[in-house]
Amino acid sequence: MSIRTQLLLSYLVLILLLTAGLWAVADRVLENMTQGNLKFSEQGAMAISSADFQTAQKILTAYGEYIVKDKARDVATELAHVLAGRKTFNYKELRRDPKLRAIALQTIFTPQGPAGYTDLYDRHGYILFHPDPNVEGRNQLDWEKQFPETTALIKRSFKEDNVSGYFTFFDKEKKEKQRYSVRIHVPGTPFIVAAIVNIDEYFLPTQRRMQKASKEIIAQADQAIAKHALEMEGTVKMAGLLAGVFFSLVAGLFGIYFAASISRPLRRLQKGVKEVGEGNFAVAVPEKGAREVMRLAHAFNLLGEKLSDYIAKRDFIRDTFGRYVTQEVVKRLLESDEALALGGEIREVSVLISDLRGFTALTADMEPAEVVTFLNRYLGKMIDILTDYRAVIDEIIGDGLLAFFGAPEPMEDHPVKAVACALAMQAAMEEVNALNRADGLPHLEMGIAVNTGEVVVGNIGSERRTKYSVVGAHVNMTSRIESYAVGGQVLIGAATFARVHNLIDLGETMEVKLKGVPGKTTLYEVTGIGAPYDIHLPERYETLTPLAEKIPVHLQRISEKVVISETDAWIVQLSETTALLTLEGELGEWEDIRLLLLDAAGQENPERLYGKVTAVKPGDGRHQEAQIRFTSVSPQIYPLIRAAIGLA
């Protein structure tokens, strides 16, 4: 049976009961009932009106906030388009531009008329455009004592984008009212758009009309009740007390049953909706009751199933996509349509580049599947650390990693975070190499560079293939710095050092010539960082030990992974990480070399040792002395080095 049928039958039954009961009621009872009905009618109408007022105020206020935010975004977008490409801004010249003024100063309307306006100021508070020309050129912070609420919003807008909030003001009649303000940065400029409205203008006119309509409805209800009482006055005379009691009991029992048949399923639905709101999408309610209630319960259960299915698919997409794109970028793409647009912004970030030393030579004789397993062990550990430190992994190029800190979400301490991450990666190499030794795989050495500076960060590519990446001179400079990092070393540039110098343990400092950078560049080795990270790399035995017998080697100079010359050399002093050689021929600082150890018969050892020249000075006669820092040592040669210096 439908709700309509139940209500109709219930109404007919109640009318019959009331009609029978009225015969047993005296004139005074009728009068009291009439007064009670009038009072109940007025209270009910007032309660409904009050609820409607509040609902209308919430809806229209939200609508007003949306209009203001939309207007602020539109003005900021138009201004960004007009001012695009400008590097400097002449305020006087900008004020003379009528087109710019028309964009910056716009009136915000409601259906009843003007409700607010937009203006423009810079990130120091100076007003560029304002509806009142007398305040243009002044600083909004000058009125901080008079308008503390407004000034607080302005100060927040200097550091934050998309700031909004309310503040009070007094109208011409000295009545306290509220204004709503939204402040949005104009991309690529130092300016901020402010959209300000009298939020009351969105709901007061509607409330006035509702109040008027409510009064009319109450008056009509009063007239109807009074008319009905007069009509019934002559008929309610004859019912007896017993009949009245009887019919009252029957009506009460029926009312209880009727109310329960309607309210019980609705209460179950209410409870189910609450559970869905708390995240339990698997909740189901019994499909019982009137036909419409059954349909509503069935639709609610279907909604829960669809929501559960949607959440499962969303999580699957997020997890799958997150294996190819950093989680922060995945979140941004899934939650914002704007994040898919091609384009970028200038942002200061800290770039981290790491690379394994001699990886190609170490894996030359390995099977492809073994190389992938070997590499994935190393990359898996490094990627876990980068993710823990909130890095965006830009590239995985073979055995190299490019990551950056400070985008897409702002990160104030990104230089510190990047250096701590680099140290954590170097510290984790001990665990990676322990697993490699257990599987009979080669020992790995990694060099890392960190550099801080402004780059272009954003969606780069085309509509068919897009990548969230960074480009710029500081990315290239980080790559240059990384080429000077030997195995187990973390090198940072001057900009990064300036931001972290009071937190780090400093190793050696070097002056190098970077390709494409004029003059010499100072690089800093980091060996540890203090609280809250407390990461310190283990000390290496680097004191050179003179050898009782020189070790003969063939020295090959390498440029762009190609051997460009070869000469004889002898190792005269040695440590775990460095060697001092004498050699014939020319050799330059920071060149990459490969050493082939010779046995007593002059035959080359098939194992290789790679290094970088850190210092060169004249020796005896036609010989030179060169200090070499090892970048890659094969597992078979490493025990020979330790034995030669007495550590075996």
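## A look at the overall build of the protein chain
A count of helical and extended segments in the protein chain gives 15 helices and 21 strands. Sorting the 648 residues of the protein chain into buried and exposed places 41% on the buried side. Expressed as a percentage of contacts within the protein chain between residues at least 6 apart in sequence, the contacts between residues at least 24 apart total 62%. With an accessible surface of roughly 36,800 Å², the protein chain has 56% of that area assigned to carbon and sulfur atoms.

## Observations concerning helix α5 (residues 148-159)
Taking 1.5 Å per residue, 12 residues should reach 16 Å; α5 reaches 18 Å between its end C-alpha atoms and fits that length. Within α5 the residues assigned to the buried category are Thr 150, Thr 151, Leu 153, Ile 154 and Ser 157. Considered in projection along α5, the buried side chains sweep an arc of 160° and stay on one side of the axis. Next to the buried residues of α5 lie β2 (113-122), β4 (163-170), β5 (176-185) and β6 (191-198).

## Observations concerning unusual backbone geometry
At the junction of Ala 407 and Pro 408, the peptide bond is cis and its omega measures out at -5° in the coordinates. Along the chain, Pro 408 falls in the loop between β9 (400-405) and α12 (414-438). Look at the link from Ala 531 to Pro 532: it is a cis peptide, with omega at 5°. The topology assignment puts Pro 532 in the loop between β14 (521-529) and β15 (535-536). A positive phi angle, close to 65°, is found at Arg 390, a residue other than glycine. Along the polypeptide, Arg 390 turns up in the loop between α11 (368-388) and β8 (392-397).

Cut-offs and rules
- Residues numbered from 1 in each chain as written.
- Predicted model: local features only at pLDDT ≥ 70, side-chain atom pairs only at ≥ 80, totals over all residues.
- Heavy atoms only, no water.
- Helix = DSSP H or I, 4+ residues; strand = E, 2+ residues; numbered from the N terminus.
- Buried < 20%, exposed > 50% of the residue type's maximum accessible area, 1.4 Å probe, protein only.
- Contact = heavy atoms within 4.5 Å.
- Areas by Shrake-Rupley, 256 points an atom, 1.4 Å probe, with all protein chains shown as cover.
- Expected span 1.5 Å × (residues − 1).
- Arc of directions from axis to C-beta.

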